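The residues making up each chain are set out below.
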Amino acid sequence: MSGVQTITLGADAEDQRLDRWFRKQFPHVPQGRIEKMCRKGEIRLDGGRVKASTRLAPGQSLRIPPLPETAAPDVARPVVSRVSEADAAMIRACVIYRDDHIIALNKPAGLPVQGGSGQARHVDGLAEALRFGMEDKPRLVHRLDKDTSGVLLLARTGTAAAKLAKAFQSRRTRKIYWAVVAGVPKPASGTIRYGLVKAPGHGPKGEGEKMICVHPDKVATTEGAKHATTDYTVISAAAKRAAWVALAPITGRTHQLRAHMAELGHPIVGDGKYGTNAQENMGDGWGAQLGGAVSRKLHLHARHLRLTHPVTGATLALTAPLPEHMARTWELFGWNPAEAAPDPFEELE
């Protein structure tokens with residue numbers, strides 16, 4: 001049994017979860033023991049209590065209580081992956097880019113990024129199958145809604161995770177989404193600046209969460225409201241019935257693109273939360289379902305992500321192919337994905 005230790009954290013701890021850092025330093029200490037020591041206040045960070053999920057930073061002082069030298073024989077357990085072979089094959093097939101520092105996925109529509117109420121199968125859990133020889137599973141650095149498909153980036157190292165998280169937070173990445181909306185927005189290009197505030201009544205863990213648009217002039221006086229900005233441009237239209245649009249979120253608010261397009265009167269196809277599920281839509285732009293052969297699934301796809309590589313410094317451009325249900329809609333309306341520039345907004349500048 002070791003004595004009490006006080007450690008000043010180095011650069012390798014930057015933005016790591018406490019439990020993950022702990023398991024690297026003391027691999028014989030099980031996860032349950034780490035969480036128990038946190039609950040009892042035996043592990044302290046800069047003198048304060050912590051959770052297993054607390055993020056660390058270089059220079060912090062970490063108090064470590066007495067630990068067993070080795071795991072007890074009756075406690076040791078083999079490491080068993082909780083990801084089925086079928087799920088492992090599925091998530092690996094989603095990889096569109098991989099190097100020693102990052103992994104990019106084309107996330108399927110309908111797959112949550114993280115666990116929540118009633119969500120047992122999600123990207124964060126399936127990431128166990130994306131180690132590809134690394135000691136730790138890759139970690140999330142940004143999010144996509146459950147029903148939104150497309151480019152999702154994960155970091156393979158603590159250094160990459162910290163730098164990518166800062167890049168997303170400071171908006172040093174460029175994200176382009178493709179969507180099909182009901183009706184055709186006029187003007188064909190513009191900027192939406194409605195603020196967003198959470199609607200009352202959603203569950204304690206965010207279940208049923210919905211955002212309400214607030215006029216830009218009223219954001220400052222509306223409790224809980226935050227400024228939100230989205231650029232949009234119409235790439236092609238199917239008469240007056242629907243339009244293929246590119247969306248560039250300048251801010252990153254919850255459900256921002258969905259709420260903003262609905263506020264314009266052109267909800268994203270398949271979005272029952274913000275656009276109603278009315279089947280009949282002859283071009284007025286008021287319903288989120290087009291009917292006929294058009295899928296009822298959400299038609300929102302994170303098509304393109306451009307960023308600076310967190311380690312090499314090179315410009316990295318990632319593009320995700322359309323999911324099957326959206327590809328069928330493109331074919332139905334005679335739209336060709338190859339005709340659109342990766343960032344169509346550059347042509348407008």
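Residues numbered from 1 in each chain as written. Predicted model: local features only at pLDDT ≥ 70, side-chain atom pairs only at ≥ 80, totals over all residues. Heavy atoms only, no water.

- The name an unreviewed UniProt entry gives the protein is Pseudouridine synthase, with Halovulum dunhuangense as the organism.
- Note on the protein: under the UniProt heading Sequence similarities (unreviewed entry), the record states "Belongs to the pseudouridine synthase RluA family."
- Quoted straight from UniProt, the Function (unreviewed entry) entry for the protein says "Responsible for synthesis of pseudouridine from uracil." (UniProt positions renumbered as here; feature names shortened; annotations may be inferred.)

**A few points about unusual backbone geometry**
Okay, step 1: Of the consecutive residues K186 and P187, the connecting peptide bond is found in the cis state with omega at 0 degrees.
Okay, step 2: Locating P187 in the fold gives a position in the loop between β9 (174–182) and β10 (189–192).
Okay, step 3: Positive phi, normally seen in glycine, also occurs at D46, with a value near 50 degrees.
Okay, step 4: Note that D46 resides in the loop between β2 (44–45) and β3 (48–49).
Okay, step 5: A positive phi angle is found at F132, which is not glycine, with a value near 45 degrees.
Okay, step 6: Relative to the assigned elements, F132 resides in the loop between α4 (123–126) and β7 (139–140).
Okay, step 7: Judged by its relative accessible area of 32%, F132 is partly exposed. (Helix = DSSP H or I, 4+ residues; strand = E, 2+ residues; numbered from the N terminus. Buried < 20%, exposed > 50% of the residue type's maximum accessible area, 1.4 Å probe, protein only.)

**Concerning the nonpolar core**
Okay, step 1: Ranked by size, the top nonpolar core spans 32 residues in total, and within it L105, L247, I268 and L300 carry the most contacts.
Okay, step 2: Residue-level mapping places this core at the junction of two domains, with at least three residues from each of domain 2 (85–170) and domain 3 (176–333).
Okay, step 3: The contacts of L105, once residues within four sequence positions are left out, are I91, C94, V95, I96, V123, L130, G150, V151, L152 and L154. (Core = buried A, V, L, I, M, F, W, Y, C linked by side-chain atoms within 4.5 Å. Domains from an automatic or database assignment. Contact = heavy atoms within 4.5 Å.)

**Some thoughts on the pattern of salt bridges**
Okay, step 1: By the definition in use, this model includes 13 salt bridges.
Okay, step 2: Across the pair R306 and E346 runs a salt bridge whose closest N-O atoms are separated by 3.6 Å. One end of the pair, R306, is in strand β15 (residues 300–308); the other, E346, is in the segment after α8 (324–333), and 40 residues separate them in sequence.
Okay, step 3: Overall, E346 belongs to the partly exposed group, its relative accessible area being 46%.
Okay, step 4: In this structure, R328 engages E324 in a salt bridge whose closest nitrogen and oxygen atoms are separated by 3.4 Å. With R328 and E324 both in helix α8, this residue pair falls four residues apart, about one helical turn.
Okay, step 5: E324 sits in the exposed class, given a relative accessible area of 62%.
Okay, step 6: One connected set of salt bridges, linked through shared partners, spans R174, R306, D343 and E346. (Salt bridge = Lys/Arg side-chain N within 4 Å of Asp/Glu carboxyl O.)

**Describing the UniProt feature "active site" (unreviewed entry) in the protein**
Okay, step 1: Within the UniProt annotation, "active site" (unreviewed entry) is assigned to D145.
Okay, step 2: Within the secondary structure, D145 sits in the loop between β7 and β8 (149–155).
Okay, step 3: Classification of D145 as partly exposed rests on a relative accessible area of 24%.
Okay, step 4: If we skip the residues at most four places from it in the chain, D145 touches K107, H255 and R258.

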